[in-house]
Amino acid sequence: MEKIASFTVDHNNLKPGCYVSRLDGDITTYDLRFVAPNKPPFLEQKALHTIEHLFATFARNSRFSNNVVYFGPMGCRTGFYLLVRDLSNRDTITLIRETLKQALEFEGEIPGSKMEECGNYLEHDLEGAKRAIEEYYSVLKNWDIYNLQYNN
């Protein structure tokens, strides 16, 4: 059986950042690696869930909303995948930064966190999410299109 592309990346050398994971026609998958793999602590489940809700909501309401296909967590709790359609690498980095900044400034009820909206509505942590986002934002602050390739 052929390995999927993300399993061919040497996770021993992967650092927090943003990487192009794969290209499928007009869809690009980005690896938003919040923490280094195999080096605890990992993203806390409640914070991870809240980041998913915040990022997905803000990205799908941004000026790039028509280009956002999907945003969701990695099972290993080290980051997220962002899938976009017909969006340049430069604009994707802008989208990510603007969305993270909006999440950092967010106050109030977490979008989609009511019982009728979410399958695990009690498992959220806004403050934990903000701490993780702040750390990740500091990594991406000076990130550019030349940093998007995995260094293996």
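Look up a bit, the structure's there.
Every value quoted in this text rests on a predicted model; they were computed, and no experiment measured them. (Residues numbered from 1 in each chain as written. Predicted model: local features only at pLDDT ≥ 70, side-chain atom pairs only at ≥ 80, totals over all residues. Heavy atoms only, no water.)

J.: How should the overall build of the protein be read in this particular structure?
T.: The helix and strand inventory of the protein stands at 3 helices and 4 strands. Counted from the first residue to the last, the protein has its helices and strands arranged as β-β-α-β-β-α-α. A compact globule built from 152 residues should have a C-alpha radius of gyration of about 15 Å, and the protein, at 15 Å, falls within 12% of that. Expressed along its principal axes, the backbone C-alpha trace of the protein runs to roughly 40 × 35 × 35 Å. Considering only residue pairs separated by 6 or more positions, the protein has 66% of its internal contacts joining residues 24 or more positions apart. For the protein, the accessible area works out to roughly 8,600 Å², and carbon and sulfur atoms hold 48% of it. In the protein, 17 positive and 21 negative side-chain charges are present, and the distance between their average locations comes to 4 Å. (Helix = DSSP H or I, 4+ residues; strand = E, 2+ residues; numbered from the N terminus. Rg over C-alpha atoms; globule rule 2.2 N^0.38 Å. Contact = heavy atoms within 4.5 Å. Areas by Shrake-Rupley, 256 points an atom, 1.4 Å probe, with all protein chains shown as cover. Lys, Arg positive; Asp, Glu negative; His and termini not counted. Charge placed at Lys NZ, Arg CZ, Asp CG, Glu CD.)

J.: Is there a simple way to explain the pairing of strand S2 (residues 27-33) in this structure?
T.: With 7 of its 7 residues buried, S2 lies for the most part within the structure. The side-chain alternation of S2 yields two buried faces, one formed by Ile27, Thr29, Asp31 and Arg33 and the other by Thr28, Tyr30 and Leu32. Here strand S1 (residues 17-24) runs beside S2; their pairing, made up of 7 bridges, is antiparallel. By the bridge assignment, Arg22 is partnered in S2 with Thr29. A loop of 2 residues connects S1 with S2, the two strands running antiparallel in sequence, and Gly25 in this loop sits at a positive phi of about 65°. (Buried < 20%, exposed > 50% of the residue type's maximum accessible area, 1.4 Å probe, protein only. Pairing = 2+ DSSP bridges.)

J.: I keep staring at the packing of helix H1 (residues 45-59) against helix H2 (residues 89-105) and nothing clicks. Help me out?
T.: In a pair of packed helices, the angle between the axes and the distance between the axes together describe the arrangement. One way to put it is that H1 packs onto H2 with a least axis distance of 9 Å and a crossing angle of 120°. By the criterion of interaxial angle, the relationship of H1 to H2 is oblique. You can see that H1 and H2 cross each other, and the crossing is right-handed. Here H1 contributes Leu54, Phe55, Phe58 and Ala59 to the contact with H2, which in turn contributes Leu95, Ile96, Thr99, Leu100, Gln102 and Ala103. A breakdown of the residues in the contact of H1 with H2 according to their chemical character gives 8 nonpolar, 2 polar and no charged. (Axes fitted to C-alpha atoms, helices over the stretch in contact; angles between N-to-C directions. Parallel < 35°, antiparallel > 145°, perpendicular 65-115°, else oblique. Left-handed = near helix turned anticlockwise from the far one by under 90°. Nonpolar A, V, L, I, M, F, W, Y, C, P; charged D, E, K, R; others polar.)

J.: In this structure, what is going on with H1? I would like to understand it.
T.: If you check H1, its first and last C-alpha atoms are 21 Å apart, about what 15 residues at 1.5 Å a residue would give, namely 21 Å. When you tally the buried positions in H1, you get 11 out of 15 residues, the bulk of the element. Among all positions in H1, only Ala47, Leu48, His49, Thr50, Ile51, His53, Leu54, Phe55, Ala56, Phe58 and Ala59 are buried. Packing partners of the buried residues in H1 comprise S2, strand S3 (68-73), strand S4 (79-85), H2 and helix H3 (126-140). (Expected span 1.5 Å × (residues − 1).)

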